[in-house]
Amino acid sequence: MLFQVAYVSLSRLPLDENTLSEILEASQRNNARDEITGVLMYHDEIFFQVLEGEKSAVENCYYKRICHDPRHKSLSLMWADMVDSRTFPDWAMGYVGPDEVGRYTKSSFQSLSHLQSAEVVVANTNGVALELARSVFSDFNKGR
Ligand SMILES: Cc1cc2nc3c(=O)[nH]c(=O)nc-3n(C[C@H](O)[C@H](O)[C@H](O)COP(=O)(O)O)c2cc1C
């Protein structure tokens with residue numbers, strides 16, 4: 001069975017392009033090895049990430065590595081559950097940056113900070129955040 005988690009966190013300043021590419025490189029390398037897929041979005045100093053894969057692999061990645069990473073803080077787990085299939089099967093870790101998030105999310109929410117509101121967190125128990133992530137990400141891919 002597949003396990004899926006989604007969380008938001010705040011980046012610690014300064015988060016420059018080098019830091020972002022270091023995060024992405026390590027993510028893609030480790031996730032490919034561990035058969036973890038997902039997406040990472042970054043906007044307004046907020047990360048939103050979905051991780052999916054075998055339960056112990058996802059838990060190790062999230063609790064043992066990502067949670068201890070000093071490059072971000074205030075992690076808030078929004079979703080953690082078993083799922084039947086992967087939402088992002090083709091991505092060791094797809095990335096959607098500030099410009100894309102801003103461009104594709106205007107109709108649904110202005111920025112990822114809306115994902116932190118209590119209302120949305122409650123809604124996430126129904127997978128709303130995942131749905132948003134999926135739609136942003138698929139629009140993003142179409143536009144490339
Ligand atoms: C927002 C954020 C997301 C991350 N996502 C992942 C990830 O999906 N997979 C991963 O292995 N590491 C991820 N990392 C990096 C880990 O915290 C850690 O630095 C890395 O796994 C160490 O890899 P290494 O031991 O191969 O150098 C993320 C870090 C941050 C700040």
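The rules we used
Here the residue index of a chain counts from 1 through its sequence in written order. The predicted nature of this model means local features are confined to residues of pLDDT at least 70 and side-chain atom pairs, given and counted, to a pLDDT of 80 or more, with totals for whole chains, interfaces and linings taken over all residues. Counting from the N terminus, the helices are the DSSP runs of H or I reaching at least four residues and the strands are the DSSP runs of E reaching at least two. Exposure is read from a count of other C-beta atoms within 10 Å of each residue's own; the residue is exposed at 12 or fewer, buried at 20 or more and partly exposed in between. C-beta atoms are placed from the backbone. Residues are treated as contacting if the C-beta atoms built from their backbones sit within 7 Å of each other. Near, as applied to residues and a molecule or strand, means the residue's backbone-placed C-beta atom lies within 6 Å of it. Think of it as three bins: nonpolar holds Ala, Val, Leu, Ile, Met, Phe, Trp, Tyr, Cys and Pro, charged holds Asp, Glu, Lys and Arg, and polar takes everything else, Gly as well. What pLDDT reports is the predictor's confidence in each residue, on a scale of 0 through 100. Take the residue count of a helix, subtract one, and multiply by 1.5 Å to get its expected span. Taking the helix axis as origin, the arc is that swept by the directions to the C-beta atoms.

Turning our attention to the overall build of the chain. Broken down by element type, the chain carries 5 helices and 5 strands. Counting the 144 residues in the chain, one finds 33% classified as buried. Taking the contacts inside the chain whose residues are at least 6 apart along the sequence as the reference set, 80% of them involve residues at least 24 apart.

In the vicinity of the ligand there are 17 residues, among which Ala26, Ser27, Asn30, Arg65 and Asp69 approach most closely. When contributions to the shell around the ligand are tallied by element, the ones reaching two or more residues are helix 1 (17–34), strand 3 (46–54) and helix 2 (55–65). With 5 residues, helix 1 is the single largest residue contributor to the shell around the ligand. The residue makeup of the shell around the ligand, split by class, is 8 nonpolar, 6 polar and 3 charged.

Turning our attention to unusual backbone geometry. Where the residue is not glycine, phi is negative for most of them; where a peptide bond is considered, it is trans in most cases. Unlike most non-glycine residues, Glu45 shows phi in positive territory, near 65°. Within the secondary structure layout, Glu45 lies in the loop between strand 2 (37–43) and strand 3. The phi torsion at Ser74 lies on the positive side, around 55°, for a residue other than glycine. Here Ser74 lies in strand 4 (residues 72–83).

Scored by pLDDT, the chain comes out at a mean of 81, with 69% of its residues at no less than 70. Per-element confidence in the chain is highest for helix 2, whose mean pLDDT is 98, and lowest for helix 4 (residues 118–123), whose mean pLDDT is 51. Counting contacts from residues 106–110, a segment whose pLDDT is below 50, to residues more than four positions away or on other chains yields 3 contacts.

As a further point, take helix 1. The terminal C-alpha atoms of helix 1 lie 25 Å apart, and with 18 residues this matches the ideal 26 Å at 1.5 Å per residue to within 8%. Of the positions making up helix 1, those classed as buried are Ile23, Ser27 and Asn31. Viewed end-on, helix 1 has its buried residues packed into an arc of 45°, placing them on one side of the element. Opposite the buried face of helix 1, at more than 90 degrees from it, the exposed residues are Glu17, Asn18, Ser21, Glu22, Glu25, Arg29 and Arg33. On its buried face, helix 1 sits against strand 2.

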